[in-house]
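Structure at a glance
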Amino acid sequence: MFDLDGTLLDSVDLHALAWQEAMVEFGHDVTLEQVRSQIGKGGDKLIPVFLSDEQQREHGKHLEEWRGNRFKSTYLPLIRPFSAVSQLLQRVREAGLRIAVASSAKEDELKKYLDIAAISDLVDVATSSEDVDESKPAPDIFEVVLKKLGIKGSEAVAIGDTPYDAIAARKAGVSAIGVLCGGFTENSLREAGCVEVYPGPGTLYARFGDTALTK
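Attention here is on the structure that accompanies the text. Note that this is a predicted model, so its numbers are computed, not measured.

**Regarding the packing of helix α3 (residues 43–50) against helix α4 (residues 53–75)**
- Contact geometry of α3 with α4 gives a least axis separation of 11 Å together with a crossing angle of 130°. The pairing of α3 with α4 is recorded here as oblique in orientation. In this structure, the crossing between α3 and α4 has a hand that is right-handed. For the pair α3 and α4, the contacting residues are G43, I47, P48 and F50 in the first and Q55, Q56, G60, L63 and E64 in the second.
- Taken together, the residues of the contact of α3 with α4 break down into four nonpolar, four polar and one charged.

And the structure:
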């Protein structure tokens, strides 16, 4: 079960820019670094970090819509996959494993992401924020994937770049592999529950036989 942003796609900074610009647009003095530390969560979990309950009621929905429009118009065209992403997923399929994408992205963004990464034909199951009540670090996204695949958490492995991925996976009973390409530290990923940590998809591909994906 692969996360997308920051795991397969080099998009974390672009998401952070869109969110930070949205916060400033609606009068919130939030730095890029503050926002970046929250990337990996969906809007339902990110916005409450910076807005009070009253502010969320007043303009939370409009802020998120502004963010979405800004991201799609300005930053989505700049997203690129990390190295060896399609090769890694092809290797996973050759090993007889099924592949799921467990993302907090909006459904319309998700389809574009899969095309950008050139993995649409390699993915068996994909989830978006529309499929769940709560985004990571709640376990909903992984639980939906498990249900769609008809398997138990102990039969799956999650790959993600944030502590929120690892926390969500642990709550769903799934082992987590961390990757550093999203910008979080190895210590933060291990403390959140990752059993293994690698620099990125390229290293996972090169060391595939030694990873938890084959155990």
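Okay, back to it.
**Description of the pattern of salt bridges**
- Within the structure shown, the criterion is met by eleven salt bridges.
- Ionic pairing is found between D13 and R36, a salt bridge with its closest N-O pair at 2.6 Å. Here the residue D13 occupies a position in helix α1 (residues 12–25), and R36 occupies one in helix α2 (residues 32–36), the gap between them amounting to 23 residues.
- Looking at D13, the relative accessible area reads 43%, which means it is partly exposed.
- Three or more residues joined by partner-sharing salt bridges are found here, namely D3, K136 and D165.

**Some remarks on the side chain of H15**
- Locating H15 in the fold gives a position in helix α1.
- Contacts of H15, omitting those with residues within four sequence positions, involve D5, I39, R67, F71, E109 and Y113.

**Remarks on the sheet that holds strand β7 (residues 194–198)**
- If you trace the three strands from one edge of the open sheet to the other, you get β5-β6-β7, paired in parallel fashion. In the strand order of this sheet, the two ends are held by β5 (157–160) and β7, each with one partner. Averaged over neighbouring strand pairs, the angle between their axes works out to 25° when direction is ignored.
- In this structure, β5 lies alongside strand β6 (residues 175–179), joined through four bridges in parallel fashion. In the sheet register, A158 faces β6, and the bridge partner there is A176.

**Overview of the state of the cysteines**
- Counting across every chain of the model gives zero disulfides.
- The closest cysteine sulfur to the non-disulfide-bonded C181 is located on C194, 12 Å from its own sulfur.

**Brief notes about α3**
- Where α3 is concerned, the buried positions are G43, L46, I47 and F50. Looking straight down α3, one finds that the buried residues subtend no more than 95° of arc, so they occupy a single side.
- Those residues of α3 that are buried are in contact with α1, α2 and α4.

**Here's the deal with the pairing of β7**
- Counted residue by residue, β7 has four buried out of five residues, so it is predominantly covered.
- As paired strands, β6 and β7 are joined by four bridges and run parallel to one another. In the strand pairing of β7, A176 is matched with C194.
- Crossover handedness for the path β6 to helix α9 (residues 186–192) to β7: right-handed.

**Here we look at the nonpolar core**
- Judged by nonpolar contacts, the single largest core of 34 residues is most densely connected at L4, L89 and I119.
- When residues of this core are traced back to their parent elements, those giving at least two are α1, α4, α5 (85–94), α6 (107–116), β5 and β6.
- The leading source of residues in this core is α5, at four residues.
- When neighbours within four sequence positions are excluded, L89 is seen to be in contact with F2, L8, I99, I119, L122 and V123.
- Grouped together as the second largest cluster of nonpolar side chains are 25 residues, A100, F142, A156 and A168 included.

Cut-offs applied
- Residues numbered from 1 in each chain as written.
- Predicted model: local features only at pLDDT ≥ 70, side-chain atom pairs only at ≥ 80, totals over all residues.
- Heavy atoms only, no water.
- Axes fitted to C-alpha atoms, helices over the stretch in contact; angles between N-to-C directions.
- Helix = DSSP H or I, 4+ residues; strand = E, 2+ residues; numbered from the N terminus.
- Parallel < 35°, antiparallel > 145°, perpendicular 65-115°, else oblique.
- Left-handed = near helix turned anticlockwise from the far one by under 90°.
- Contact = heavy atoms within 4.5 Å.
- Nonpolar A, V, L, I, M, F, W, Y, C, P; charged D, E, K, R; others polar.
- Salt bridge = Lys/Arg side-chain N within 4 Å of Asp/Glu carboxyl O.
- Buried < 20%, exposed > 50% of the residue type's maximum accessible area, 1.4 Å probe, protein only.
- Pairing = 2+ DSSP bridges.
- Disulfide = S-S within 2.5 Å.
- Arc of directions from axis to C-beta.
- Right-handed = clockwise from strand over helix to strand, strands pointing away.
- Core = buried A, V, L, I, M, F, W, Y, C linked by side-chain atoms within 4.5 Å.

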